[in-house]
Amino acid sequence: QVQLVESGGGSVQAGGSLRLSCGTSRTGGYTNCVAWFRQAPGKEREGVAAIVIQGGMTYYADSVKGRFTISQDNAKNTIYLQMNFLQREDTAMYYCAASSAAGRYCLDSDVHLYWGHGTQVNVSS
């Protein structure tokens, strides 16, 4: 019912910035929040940032707080993740996902039913 397409990944040096986009489309259902997750090889999937569609409440992992900003453009049905001061540890495949769960749960991957295919972010030092 919800299709998600990520874009904006690439390779940057440490200290650089990238902005990821998650384009959304829906044929039905209810989406309360959209979140960005990341997963590096050999590591667990990590919830990075989430936004509640109605109201715009945001949630961040401690590891990115102060460096990353999640936002939305309702007219474009697009969710953004602005990533500043990137570190090598930020290297991962980044996914966006949609859930009907309450905002407090939106950084938990278990609550998300719809997922994009990911966009790769590589940070070198």
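Residues numbered from 1 in each chain as written. Predicted model: local features only at pLDDT ≥ 70, side-chain atom pairs only at ≥ 80, totals over all residues. Heavy atoms only, no water.

Some words on the overall build of the protein chain
Scanning the protein chain from N- to C-terminus turns up 0 helices and 11 strands. Ordered by position in the sequence, the α and β elements of the protein chain form the string β-β-β-β-β-β-β-β-β-β-β. For the protein chain, the C-alpha radius of gyration of 13 Å lies close to 14 Å, the compact-globule estimate for 125 residues. Counting across all 125 residues of the protein chain, residues that qualify as buried make up 42%. Across the protein chain, every contact between residues at least 6 apart in sequence was considered, and the portion connecting residues at least 24 apart equals 58%. (Helix = DSSP H or I, 4+ residues; strand = E, 2+ residues; numbered from the N terminus. Rg over C-alpha atoms; globule rule 2.2 N^0.38 Å. Buried < 20%, exposed > 50% of the residue type's maximum accessible area, 1.4 Å probe, protein only. Contact = heavy atoms within 4.5 Å.)

Points about the pairing of strand S7 (residues 68–73)
Relative to strand S8 (residues 78–83), S7 runs antiparallel, the two being bridged by 6 bridges. What sits directly across from Ile70, in S8, is Leu81. Taking the residues that link successive antiparallel strands as the turn, the S7-S8 hairpin has 4 residues, and the phi of Asn77 there is positive, at about 50 degrees. (Pairing = 2+ DSSP bridges.)

Some remarks on the pattern of salt bridges
Enumeration according to the criterion identifies 4 salt bridges in this entry. Linking Asp90 and Arg38 is a salt bridge whose minimum nitrogen-to-oxygen distance equals 2.8 Å. In this pair, Asp90 sits in the loop between S8 and strand S9 (92–99) while Arg38 sits in strand S4 (residues 33–39), placing the two residues 52 residues apart along the sequence. In this structure, Asp90 and Arg67 form a salt bridge, with 2.8 Å as the shortest nitrogen-oxygen distance. (Salt bridge = Lys/Arg side-chain N within 4 Å of Asp/Glu carboxyl O.)

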